[in-house]
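# Architecture and fold: a report
One letter stands for each residue in the lines below.
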Amino acid sequence: MSPAPRPPTILHAGLICAWRAGRWRGALILGPSGSGKSQLALSALSQGWRLVADDRVLVWADGNQVYGRSPEPLSGLIEVRGLGVVPSSVPIRAFCTIDLVVHLTPAAAIERLPDRAVERVAGHPVARFALDGFSTHSLATLALALERLPVRP
């Protein structure tokens, strides 16, 4: 008999996804309040990415894959500093895989040539990297990191 599946975990994070390698691939954005999670998501949405969740993400595993979605009351909403919580201006995704964990970190604390890193999410290893959420190149760096990941079935 296999163990019962774990209930979803709620994380203080954002989740966005982009169509890459024939499927929607998600980036889970973590960082303290004010680190630029929603700002990075807004930049991504303006470049064709899709919003899955802002501020709170329900995370669960199914098989060897990790998924995330927004809690119902927050679905389709994003916080914009100075405007408040507003509806997404682009179509949203109900859920997506979590293929990358992004930790928003001040630029001075990010290694120039880091080793590949993984982080356990819902009990499964997921690629991880640090990013300065306020850098003018943060979205380009995020897109490159997502594209360089191995394609998983």
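Preceding block: the structure.
Residues numbered from 1 in each chain as written. Predicted model: local features only at pLDDT ≥ 70, side-chain atom pairs only at ≥ 80, totals over all residues. Heavy atoms only, no water.

## Notes on the pattern of salt bridges
- According to the stated counting rule, one finds four salt bridges in the structure shown.
- Where Asp99 meets Arg23, a salt bridge forms, and the shortest distance between an N and an O atom there is 2.9 Å. Here the residue Asp99 occupies a position in strand β8 (residues 95-104), and Arg23 occupies one in strand β2 (residues 23-30), the gap between them amounting to 76 residues. Across the pair, Arg23 and Asp99 agree in class, each one buried.
- Between Asp55 and Arg56 there is a salt bridge whose closest N-O contact spans 3.4 Å.
- Taking relative accessible area as the criterion, Arg56 reaches 32% and is therefore assigned partly exposed. (Salt bridge = Lys/Arg side-chain N within 4 Å of Asp/Glu carboxyl O. Helix = DSSP H or I, 4+ residues; strand = E, 2+ residues; numbered from the N terminus. Buried < 20%, exposed > 50% of the residue type's maximum accessible area, 1.4 Å probe, protein only.)

## Some points on the nonpolar core
- Counting 23 residues, the largest nonpolar core has Ile16, Trp49, Leu100, Val102 and Leu142 as the members making the most contacts within it.
- At the level of elements, β1 (9-20), β2, α1 (37-45), β6 (77-80), β8, β10 (124-131) and α2 (138-147) are the ones that each hand at least two residues to this core.
- Considering every element that reaches this core, the biggest residue donor is α2, with five residues. (Core = buried A, V, L, I, M, F, W, Y, C linked by side-chain atoms within 4.5 Å.)

## Comments concerning the packing of α1 against α2
- Relative orientation of the contacting elements α1 and α2 amounts to 75°, with a least axis distance of 10 Å. Between α1 and α2, the interaxial angle falls into the category roughly perpendicular. Taking contact as the criterion, the partners of Leu40, Ser43 and Ala44 in α1 are, on α2, Ser138, Leu139 and Leu142.
- A per-class count over the contact of α1 with α2 returns four nonpolar, two polar and no charged. (Axes fitted to C-alpha atoms, helices over the stretch in contact; angles between N-to-C directions. Parallel < 35°, antiparallel > 145°, perpendicular 65-115°, else oblique. Contact = heavy atoms within 4.5 Å. Nonpolar A, V, L, I, M, F, W, Y, C, P; charged D, E, K, R; others polar.)

## Remarks on the packing of aromatic side chains
- As enumerated under the stated definition, the model contains four aromatic pairs in all.
- Ring centres of Trp60 and Tyr67 lie 5.8 Å apart, and the angle between their planes is 20°; on these two criteria the pair is classed as stacked.
- Members of the aromatic cluster, connected to one another through ring pairs, are Trp60, Tyr67 and Phe95. (Phe/Tyr/Trp six-rings, centres within 6.5 Å; stacked < 30°, edge-to-face > 60°.)

## A look at the environment of Ile16
- Note that Ile16 resides in strand β1.
- Along the backbone, Ile16 and Ala145 are 129 residues apart, and their C-alpha atoms lie at a distance of 14 Å.
- Residues in contact with Ile16, not counting those within four places in the same chain, are Arg25, Gly26, Ala27, Ile29, Ala41, Ala44, Trp49, Arg50, Leu51, Val52 and Leu142.

## So, α1
- Within the span of α1, buried status applies to Lys37, Ser38, Leu40, Ala41, Ala44 and Leu45. Each buried residue of α1 sits inside an arc of 160° when the element is viewed along its axis, so together they form one side. (Arc of directions from axis to C-beta.)

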